[in-house]
Amino acid sequence: SNMLIEALEGDVTVVYSSVQIEVEPVGRWFEAFLKRRNRNVSASFQELEEEEELSEESEDEELQLEDFPQLRTLDPKDWKNQDHYAVLGLAHMRYKATQKQIKAAHKAMVLKHHPDKRKAAGELIVEGDGDYFTCITKAIEILSDPVKRRAFDSVDPTFDNAVPSKGEGKDNFFEAYAPVFERNARWSSKKHVPRLGTMDSSFEDVDNFYSVWYNFDSWREFSYLDEEEKDKAECRDERRWIEKQNRAARATRKKEEMNRLRTLVDTAYSLDPRIKKFKDDEKARKENEKKAKADAKRKEQEEKERARQAELDAARLAKEKEEEEAKLVAQQAKKEKEIQKKAIKKERQKLRTTCKNWNYFGDNESDSVKMMEDVEKLCDRLELVSLQSLNEGLALGSKEEGKVAVEKQVQEVNAQLQKEKDAEVQARQAVRTTVQASGGGGGGGKGWNEEELPLLIKAVNLFPAGTNARWEVIANYMNLHSTSGIKRTAKDVINKAKNLQKLEPGQKDEINKKAFEKFNKEHAAVPQTVDNAVPSERFDGAEANTASWTTEEQKLLEQALKTYPVSTPERWEKIAAAVPGRTKKDCMKRYKVSWTLSLILRFVISIPVCMYNLDDMSKL
């Protein structure tokens, strides 16, 4: 439908269209809606309230009060310790009693126990507040006030605060703990506190239950147990003091109450068989996942291992095939070499036989011997093709022609030998010239002799890079130990070291060879001298064994030096015992010689040329 809004005179009329909106009932209107829907009739909220009041009146009519025999013996002055519900006859209903029921119970108790009623019946009445009727008045005063009633309900004397022990709930958990949680649920500030449930409860229900109870919000408070009443205070300071004492006592009791509830929840959680079941299930799930991951990883490793093994097998087969081919090639080369060797041997023997048959082309013995030497020289120097050509010429020609052919070959071989010898002499001369030229850069124009070069090498190794004022120290060391009398400066030492670094490998070999020959000469040709002095403690004992050291003995000595360090008592006796056939003196001399040799061998650090081989060392 359309709604027209008429404007004032002279204004324009505007037409709006209505909009239909669905509205859902809430609150009391929703309750009325449900009532109408269930009854299929229309009922207003007021009708529902009237119906609720009628139901409460029907409850009042059906209210049954319990007798309280101790009512007449109560002390009105001790009203705070009385059970107000029992005084009104509501001990069986207690905190579940409604205000209607409380008022009805009070009305019934007044009609029965009012002092005027009893006085009219001839009963003796205690004047003032000493009559027990005062207890009924106090009971309705407490229970009709929601705040005071809540304070009294918090300390309900009939409430069981006990918490089952672990032993009580171990075998019958649900029977022991379900009533306790239901009993304590009355203190919750929130409605619909979840129940403990059963063994078949789901994980979500159990988790929700313990989540609510671990975060339990209790409305229970302990103001009813205040020992001091602030209304009785004579001044403001006393009233503040009383309030402070009461707050402290309430906080202590509240803390004890929360500890009690926490103990209840903790104990139940530790004994709950469902929690154990859930943990076992979770553990089993994790174990299964872990096992599945381990299996997957193991399979992956197996796949990788199979692939790697396949690659290794393929590489091995390829290598074996390559080795087999190389072996065949080597065998073929060896076979060809053997054939060539036999052919050369055959041609040499043929040459010797031919020359021998012709008496080596000599008329006398001396000519024959000289020609024999020349023939042997030809056998050593000529290749297979030259030997074959020479033998063919000898076979086809006469003796004179053969002699000319042999002499021609001898001349060619001699010329070749002379050429090689001259080349070697020139190379040595070039090395000597280079060494002399490199040694004349310092020391006042004086060259470096053969003694100073090893001394420089030793000093360079003794004082490595990083030594403070290294080259000055090396120069002082050489001036102190050199017997040439030439004083070397740091500049001389640096120039010489640089020149040594620039040497060619052949030149370095020549220097190393000379240094070793000098060292070997000095240590191998020591003259026998008679020492009348007292033998040193380091070399006392039996005579030294002059036999050369074998490789096995050298290894045993090196191992013994590592086994018995310097701090070992009687070190050299133990080392000698570890090397069979060698005395203490032999081992000490061998160690000294090896140490001296190592200094020279360290020349490899500055000039990367191998100075001596293992055979040279084993000769010392």
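Remember, it's a predicted structure, so these values are computed and weren't measured experimentally.

A.B. asks: Just checking my understanding: could you explain the overall build of the protein for this structure?
C.D. replies: Across its full length, the protein carries 24 helices and 2 strands. Sorting the 620 residues of the protein into buried and exposed places 29% on the buried side. When contacts within the protein are restricted to residue pairs at least 6 apart in sequence, those whose partners lie at least 24 apart make up 65%. Surface exposure of the protein reaches about 43,000 Å², of which carbon and sulfur atoms provide 52%.

A.B. asks: What should I look at first to understand the UniProt feature "coiled-coil region" (unreviewed entry) in the protein in this one?
C.D. replies: On the UniProt side, "coiled-coil region" (unreviewed entry) is annotated at positions that read residues 31–61 and 403–430 here. Taken end to end, residues 403–430 is 100% helix and 0% strand, and its first and last C-alpha atoms sit 40 Å apart.

A.B. asks: Explain the packing of aromatic side chains here, please?
C.D. replies: For any pair of aromatic rings, the description consists of the separation of the ring centres together with the inter-plane angle of the planes. For the structure shown, the criterion picks out 17 aromatic pairs. Ring geometry for F159 and W187: centres 4.9 Å apart, planes at 75°, overall edge-to-face. Placement of the pair is F159 in the loop between α7 (146–154) and α8 (166–169) and W187 in the loop between α9 (173–184) and α10 (203–214), with a sequence separation of 28 residues. Residue classification places F159 among the buried positions, given a relative accessible area of 9%. On the basis of relative accessible area, W187 is assigned to the buried category, the value being 0%. Their ring planes at 70° and their centres at 6.2 Å tell us that Y214 and Y269 sit as a pair that is edge-to-face.

A.B. asks: Is there a simple way to explain a negative patch on the surface in this structure?
C.D. replies: On the surface, E322, E323, E324 and E325 cluster together into a patch of negative charge. By secondary structure assignment, the location of E323 is in helix α12 (residues 273–357). A relative accessible area of 44% places E323 in the partly exposed class.

A.B. asks: What exactly am I supposed to notice about the packing of α10 against α12 here?
C.D. replies: When two helices pack together, their arrangement is captured by the angle between the axes and the distance separating the axes. Two numbers describe how α10 lies on α12: the axes approach to 11 Å, and their chain directions differ by 125°. Put simply, α10 runs oblique to α12. Note that α10 runs across α12; the crossing there is left-handed. Residues F203, V206 and Y210 of α10 form the contact with α12, whose participating residues are R274, I275 and F278. Its residues placed into classes, the contact of α10 with α12 shows 5 nonpolar, no polar and 1 charged.

A.B. asks: Any chance you could explain the state of the cysteines here in plain terms?
C.D. replies: Covalently bonding the sulfur atom of one cysteine to the sulfur atom of another cysteine gives a disulfide. Applying the stated rule across the entire model yields 0 disulfides. Free cysteine: C355, not disulfide-bonded; nearest cysteine sulfur from C379 at 7.8 Å. Its relative accessible area of 0% is what places C355 among the buried residues.

A.B. asks: What is the right way to read the pattern of salt bridges from this model?
C.D. replies: Opposite charge on two side chains lets them pair, provided their charged atoms get close. The full count for this structure, using the stated rule, is 30 salt bridges. The partner of R220 in a salt bridge is E257, with the nearest N and O atoms 3.1 Å apart. Of the two residues, R220 is situated in the loop between α10 and α11 (236–271) and E257 in helix α11; the sequence distance between them amounts to 37 residues. In terms of burial, R220 and E257 fall into one category: buried. The salt bridge involving E257 is made with R260; its shortest N-O contact spans 2.8 Å. Within this pair, E257 and its partner R260 are both found in helix α11, separated by 3 residues, close to a single helical turn. Across the pair, exposure class does not vary: E257 and R260 are buried alike. Each of D83, R94, D156 and R186 takes part in a single network of salt bridges with overlapping partners.

A.B. asks: Looking at this model, I keep getting lost on unusual backbone geometry. Mind explaining?
C.D. replies: Leaving glycine aside, a negative phi is the common case for residues, and trans is the common case for peptide bonds. One non-glycine residue, R94, adopts positive backbone phi at about 50°. Looking at the secondary structure, you find R94 in the loop between α3 (84–87) and α4 (99–113). Unlike most non-glycine residues, A469 shows phi in positive territory, near 50°.

A.B. asks: I keep staring at the environment of F278 and nothing clicks. Help me out?
C.D. replies: With respect to the secondary-structure elements, F278 resides in helix α12. Along the sequence, F278 and V206 sit 72 residues apart, while their C-alpha atoms lie 9.9 Å from each other. The contact partners of F278, leaving out residues within four places of it in the chain, are S201, S202, F203 and V206.

A.B. asks: I would appreciate a short explanation of helix α14 (residues 384–396) in the present structure.
C.D. replies: At 3.6 residues per turn, the α-helix brings residues three or four places apart onto the same side. Between its first and last C-alpha, α14 extends 18 Å over 13 residues, near the 18 Å set by a 1.5 Å rise per residue. The set of residues buried in α14 consists of L384, L387, L390, N391 and L394. Viewed end-on, α14 has its buried residues packed into an arc of 130°, placing them on one side of the element. Turned more than 90 degrees from where α14 packs its buried face, V385, E392 and L396 sit exposed.

About the cut-offs
Residues numbered from 1 in each chain as written. Predicted model: local features only at pLDDT ≥ 70, side-chain atom pairs only at ≥ 80, totals over all residues. Heavy atoms only, no water. Helix = DSSP H or I, 4+ residues; strand = E, 2+ residues; numbered from the N terminus. Buried < 20%, exposed > 50% of the residue type's maximum accessible area, 1.4 Å probe, protein only. Contact = heavy atoms within 4.5 Å. Areas by Shrake-Rupley, 256 points an atom, 1.4 Å probe, with all protein chains shown as cover. UniProt positions renumbered as here; feature names shortened; annotations may be inferred. Phe/Tyr/Trp six-rings, centres within 6.5 Å; stacked < 30°, edge-to-face > 60°. Patch = residues over 30% accessible without salt bridge, like charges linked within 9 Å, V, L, I, M, F, W, Y side chains within 5 Å. Salt bridge = Lys/Arg side-chain N within 4 Å of Asp/Glu carboxyl O. Lys, Arg positive; Asp, Glu negative; His and termini not counted. Charge placed at Lys NZ, Arg CZ, Asp CG, Glu CD. Axes fitted to C-alpha atoms, helices over the stretch in contact; angles between N-to-C directions. Parallel < 35°, antiparallel > 145°, perpendicular 65-115°, else oblique. Left-handed = near helix turned anticlockwise from the far one by under 90°. Nonpolar A, V, L, I, M, F, W, Y, C, P; charged D, E, K, R; others polar. Disulfide = S-S within 2.5 Å. Expected span 1.5 Å × (residues − 1). Arc of directions from axis to C-beta.

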